[in-house]
Amino acid sequence: MRITGYLQKQPYFGAVVGRVANRIAKGTFTLDGKEHKLAINNGPNSLHGGVRGFDKVLWTPQVLSDGVQFSRVSPDGEEGYPGELKVWVTYTLDGGELMINYRAQASQTTPVSLTNHSYFNLAGQGSPNIYDHEVTIEADAFLPVDETLIPTDHPQIGGHVTTACRFCSLKPRCSISQSSPSHRATEPPPPALPPGEVAPVQGTAFDLRKPVKLGKHLQEFHINGFDHNFCLKGSKEKRFCARVRHAGSGRVLEVYSTQPGVQFYTGNFLDGTLRGKKGAVYPKHSGFCLETQNWPDAVNQPHFPPVLLRPGEEYDHTTWFKFSVA
């Protein structure tokens, strides 16, 4: 078995991520009056389940008539999470549509948010960037983040906005004066927002409700890339989430999900050090992820969608990746 590459440091290529996808602030949360401390593996925070998350364990496979199912038992205390968690992830393929269903059951109350962390480049293997991809995300709101990518407020210093500028930039510190034409000069500076603010995308770089060509969009708004949660309209039914099109090949990816959020990530931390098929390297912005999941740090934000799974309940979410040529 060739598992060495997956056990070494790598950016979650194709992985199932858990027990909780995305970041938990300072790797701590309080549940029923007890503080739980998680493994810290991303600055001051816990990311994608910790040091040894679900991407670094062996799963038990079962071949199905129309796909394959992987299961495992996450023991009580794994990476600091309470309770034993039984998990099943089922992949089925129907024509050009890949369906991924996630189910879980817990022996104790615990946060759960599972996702798939596949990277895509619709131009094909080895293509150097995704700048010529057209992106649409069906979301009216997003979560601003601080310099460690935790949902937070917008503290202001002088005439600049720290953290994610609602007018232009995803950078930790905005370098453009609010009097610049790059900002919406007709609007006053944004007020300080409470932690865990759900901000409207209207008039910002995050408004992807209509197709945008990624490279041009990043340049126009002077931004380094996306690594943000887009807030979806919660539903237990299959719901359209995002669409990405590569005009040169005609390839289209549509994403549907039952999850309340999607993390749009543009490979900002890829650095070209890893090699793939036929020696291809993966530099910054050479792939994108659409990680359907609960919202980051939801366990510490009571007004976010509920993330706790209790004994007797079942976690059950599905995401569909539909591929076509137009």
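Trainee: Would you explain the overall build of the protein chain in this entry?
Mentor: A tally of helices and strands in the protein chain yields 2 helices and 24 strands. Here the protein chain holds 326 residues, and 54% of them are scored as buried. For the protein chain, the proportion of contacts with a sequence separation of at least 24, taken over those separated by at least 6, is 66%. When the accessible surface of the protein chain is totalled, it reaches about 15200 Å², and 53% of it is carbon and sulfur.

Trainee: In this structure, what is going on with empty space enclosed by the protein? I would like to understand it.
Mentor: Leftover empty space is mapped by rolling, across the atoms, a probe with the size of a water molecule. In the structure shown here, the tally under the stated rule is 1 cavity of 30 Å³ or more. When its volume is computed, the largest cavity comes out at roughly 30 Å³. Along the walls of the largest cavity sit V20, R23, I24, P111, W295, D297, A298, V299 and V307, which together make up its complete lining. Split by residue class, the lining of the largest cavity holds 7 nonpolar, no polar and 2 charged.

Trainee: How should I be thinking about the layout of surface pockets in this particular structure?
Mentor: Counted as a void, the largest pocket has a volume near 1300 Å³. Looking at the lining of the largest pocket, the elements that each hand over two or more residues are helix 1 (4-7) and strand 8 (85-94). Residues that form the lining of the largest pocket fall into these classes: 19 nonpolar, 12 polar and 6 charged. Around the second largest pocket sit 27 residues that line it, and K9, Q10, P11, Y12 and L47 are the ones nearest its centre. In the lining of the second largest pocket, the residues fall into 11 nonpolar, 10 polar and 6 charged.

Trainee: I'm lost on the sheet that holds strand 9 (residues 97-106) in this one. Help?
Mentor: In any sheet, the strands associate via hydrogen bonds between backbone groups, in a parallel or an antiparallel arrangement. If you walk across this open sheet you meet the 9 strands as 6-7-8-9-24-20-19-12-17, and the pairing is antiparallel. Looking along the sheet, the strands with just one partner apiece sit at the ends: strand 6 (60-63) and strand 17 (212-213). Pairing of strand 9 with strand 24 (residues 315-325) involves 8 bridges; the strand directions are antiparallel. Directly across from M99, in strand 24, lies its bridge partner W320.

Trainee: How should the nonpolar core be read in this particular structure?
Mentor: In summary, soluble globular proteins display a tendency toward joint burial of nonpolar side chains. The biggest cluster of nonpolar side chains holds 46 residues, and the ones touching the most others in it are I137, F226, F230, F264, F288 and L290. At the level of elements, strand 8, strand 9, strand 12 (133-137), helix 2 (214-220), strand 19 (239-246), strand 20 (251-257), strand 21 (261-265) and strand 24 are the ones that each hand at least two residues to this core. Those residues in contact with F264 that lie beyond four places of it in its chain are V135, I137, L208, L214, F226, D227, H228, F230, F288, C289 and L290. In this structure, I24, F29, L31 and F304 belong to the second largest nonpolar core, which totals 14 residues.

Trainee: Looking at this structure, how should I read the packing of aromatic side chains?
Mentor: Note on aromatic pairs: each is described by the distance of the centres and the angle between the planes. The full count for this structure, using the stated rule, is 17 aromatic pairs. An aromatic cluster is present here, built from F13, Y119, Y265, F269 and Y282 joined pairwise through their rings. A cation over an aromatic ring shows up here: K238 above the ring of Y256, its NZ or CZ 5.1 Å from the ring centre.

Trainee: How should I be thinking about the pattern of salt bridges in this particular structure?
Mentor: Once the charged atoms of two side chains with opposite charge are near each other, the side chains can pair. Evaluation of the coordinates by the stated rule reveals 9 salt bridges. In this structure, the salt-bridge partner of E78 is R72, at a minimum N-O distance of 3.0 Å. Its relative accessible area of 11% is what places R72 among the buried residues. Between D207 and R209 there is a salt bridge, with the nearest N and O atoms lying 2.9 Å from each other. Looking at R209, the relative accessible area reads 29%, which means it is partly exposed. Residues joined by salt bridges that share partners form a network here, namely D140, D207 and R209.

Criteria and thresholds
- Residues numbered from 1 in each chain as written.
- Predicted model: local features only at pLDDT ≥ 70, side-chain atom pairs only at ≥ 80, totals over all residues.
- Heavy atoms only, no water.
- Helix = DSSP H or I, 4+ residues; strand = E, 2+ residues; numbered from the N terminus.
- Buried < 20%, exposed > 50% of the residue type's maximum accessible area, 1.4 Å probe, protein only.
- Contact = heavy atoms within 4.5 Å.
- Areas by Shrake-Rupley, 256 points an atom, 1.4 Å probe, with all protein chains shown as cover.
- 1 Å grid on protein atoms, 1.4 Å probe; cavity = no way out; pocket = protein on both sides within 12 Å on 5 of 7 lines; lining within 4 Å.
- Points joined across faces, edges and corners; volume = space filled by probe spheres on them.
- Nonpolar A, V, L, I, M, F, W, Y, C, P; charged D, E, K, R; others polar.
- Pairing = 2+ DSSP bridges.
- Core = buried A, V, L, I, M, F, W, Y, C linked by side-chain atoms within 4.5 Å.
- Phe/Tyr/Trp six-rings, centres within 6.5 Å; stacked < 30°, edge-to-face > 60°.
- Lys NZ or Arg CZ within 6 Å of the ring centre and 35° of its normal.
- Salt bridge = Lys/Arg side-chain N within 4 Å of Asp/Glu carboxyl O.

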